[in-house]
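Spelled out, the chains give:
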Amino acid sequence: MAVLFLLAAFVGCVVARPSSENVTPVEITLYYESLCPGCRIFIPNQLLPAYTDSKYDYRSLISKLTLVPYGWVAVKNATSHDYACQHGESECEGNRLHACAIKYIPDQVATIEYISCLDQLESNYLTFASSQYPIDKCQEKLPEGVYSKIMSCYNSDEAWELFQNNGKKTTSFFPKGGFIPYVSFNNKRDDELAISAFKDFRKTLCEAAGVADPDCSA
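Within any chain, residue numbers begin from 1 and follow the written order of that chain's sequence. Residues qualify for local features only when their pLDDT is at least 70, as the model is predicted, and side-chain atom pairs are given and counted only at 80 or more; totals for whole chains, interfaces and linings, by contrast, use all residues. Hydrogens are left out, water is left out, and the side-chain values use all remaining heavy atoms of the structure.

Draft legend 1. Region of interest: the pattern of salt bridges. Salt bridge, as applied in this entry: a Lys or Arg side-chain nitrogen positioned within 4 Å of an Asp or Glu carboxyl oxygen. Under the counting rule described, the total for this entry stands at three salt bridges. One salt bridge in this structure joins Asp53 and Arg202, with 2.8 Å as the shortest N-O distance. Taken as a pair, Asp53 in the loop between helix 2 (37-52) and helix 3 (58-61) and Arg202 in helix 10 (residues 201-209) lie far apart in primary sequence, 149 residues in all. Across the pair Glu158 and Lys103 runs a salt bridge, and its minimum N-O distance is 2.6 Å. Remark: Lys103 occurs in helix 4 (residues 89-104) and Glu158 occurs in helix 8 (residues 157-173); sequence separation between them is 55 residues. Each helix is a run of H or I in the DSSP string that is no shorter than four residues. Each strand is a run of E no shorter than two, and both are numbered from the N terminus.

Spelled out as structure tokens, the structure:
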């Protein structure tokens, strides 16, 4: 009888305990630029902490995250790869590097950690705007063997193809312009929600996902 009582009590605790299991992922798209000051604030200070916060299973909520590094780019001649990125040629380099990293880093968390590391290398983004993007930095954040794949991509037409595809996604989503960084939930354009996500990503994520668990939105 005592064993049955303890088992019933244990089951009761399990059922009653707030849980973040079986959460439904939200389709999230982050439109950004490699040297945009706001983007370099958002990714390491809002997006990355969602992966490291143990209070709630945010990782599952954002498992359908898509990163689109492109932003505002003037296309002079796509055939000859002649583009003018908003923050200079080094931003075009950074956008291509990010695109290759997103494709070849097999783990989503490692991808965000790598990009966050690049974002925090230099507080004055204008330094990068007048020189080469630091493509050789933050290799320690990458799984073994991945950096060579990223660089093989970066130094080939593959990087330009990824760059151009991200351009199509960006211009399709922003046919009349907009702002960067932009967090889109479920592929919808909602400027108010995007601004809210920039200020408090985890809280906005919980609201967009319709999660009532107080551990999620607190």
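Draft legend 2. Representation of the nonpolar core in the model. Joining through side-chain atoms within 4.5 Å is the link that ties buried Ala, Val, Leu, Ile, Met, Phe, Trp, Tyr and Cys residues into a set, and such a set is a nonpolar core. Burial status follows relative accessibility: with a 1.4 Å probe on protein chains alone, a residue under 20% of its type maximum counts as buried, one over 50% as exposed, and anything between as partly exposed. If you look at the biggest cluster of nonpolar residues, it comprises 36 residues, and the most contacted ones within it are Ile28, Leu47, Phe201 and Leu205. Looking at this core, the elements with two or more residues in it are strand 1 (27-32), helix 2, helix 3, strand 2 (64-69), helix 5 (108-119), strand 5 (182-185), helix 9 (191-199) and helix 10. Looking at this core, the element that brings in the most residues is helix 2, giving seven residues. Any two residues whose heavy atoms approach within 4.5 Å at even a single point are treated as in contact. Ignoring any residue separated from it by four or fewer positions in sequence, one finds Leu47 in contact with Leu30, Phe42, Leu65, Leu67, Ile112 and Phe201. Core analysis: the next-biggest nonpolar cluster, separate from the first, contains 22 residues, Cys100, Ile105, Leu142 and Cys153 among them.

Draft legend 3. Structural detail: the confidence of the model for the protein chain. The share of residues in the protein chain with pLDDT of 70 or more is 85%, and the mean pLDDT across the chain is 87. The element-level mean pLDDT for the protein chain is lowest in helix 1 (residues 2-16), coming to 38, with helix 7 (residues 146-154) highest at 98. What pLDDT expresses is the predictor's confidence in each residue, scored from 0 to 100. Considering only residues more than four positions removed or in separate chains, one finds that residues 1-20, a stretch of pLDDT under 50, has five contacts.

Draft legend 4. Highlighting the sheet that holds strand 2. Strand pairing requires that DSSP identify at least two bridges connecting the strands. Taken together, three strands build an open sheet; the order of strands is 2-1-5 and the sheet is mixed. Taken across any chain shown, the strands that pair with only one partner, and hence form the sheet edges, are strand 2 and strand 5. Mean inter-strand twist for the sheet, computed between neighbouring axes without regard to direction, equals 15 degrees. Bridge count between strand 1 and strand 2: six bridges; the pairing is parallel. Among the inter-strand pairings, Glu27 is bridged to a residue of strand 2, identified as Lys64. Working convention: axes come from line fits to C-alpha atoms, limited for helices to the stretch in contact. Angles between N-to-C directions cover 0 to 180 degrees. Against the sheet, helix 5 makes contact with strand 1 and strand 2, and its axis sits at roughly 35 degrees relative to strand 2, the strand it touches most. On the sheet, helix 8 packs against strand 1, strand 2 and strand 5 and is oriented at approximately 100 degrees with respect to strand 2.

Draft legend 5. How the structure looks around the packing of aromatic side chains. Any two of the Phe, Tyr and Trp rings considered here, Trp counted by its six-membered ring, make a pair once their centres fall within 6.5 Å; the pair's planes then place it as stacked at under 30 degrees, edge-to-face at over 60, or tilted in between. Enumeration over the complete set of coordinates arrives at 14 aromatic pairs. Ring-pair connections join several aromatic residues into one group, and the members of that group are Tyr31, Trp72, Phe173, Phe174, Phe179 and Tyr182.

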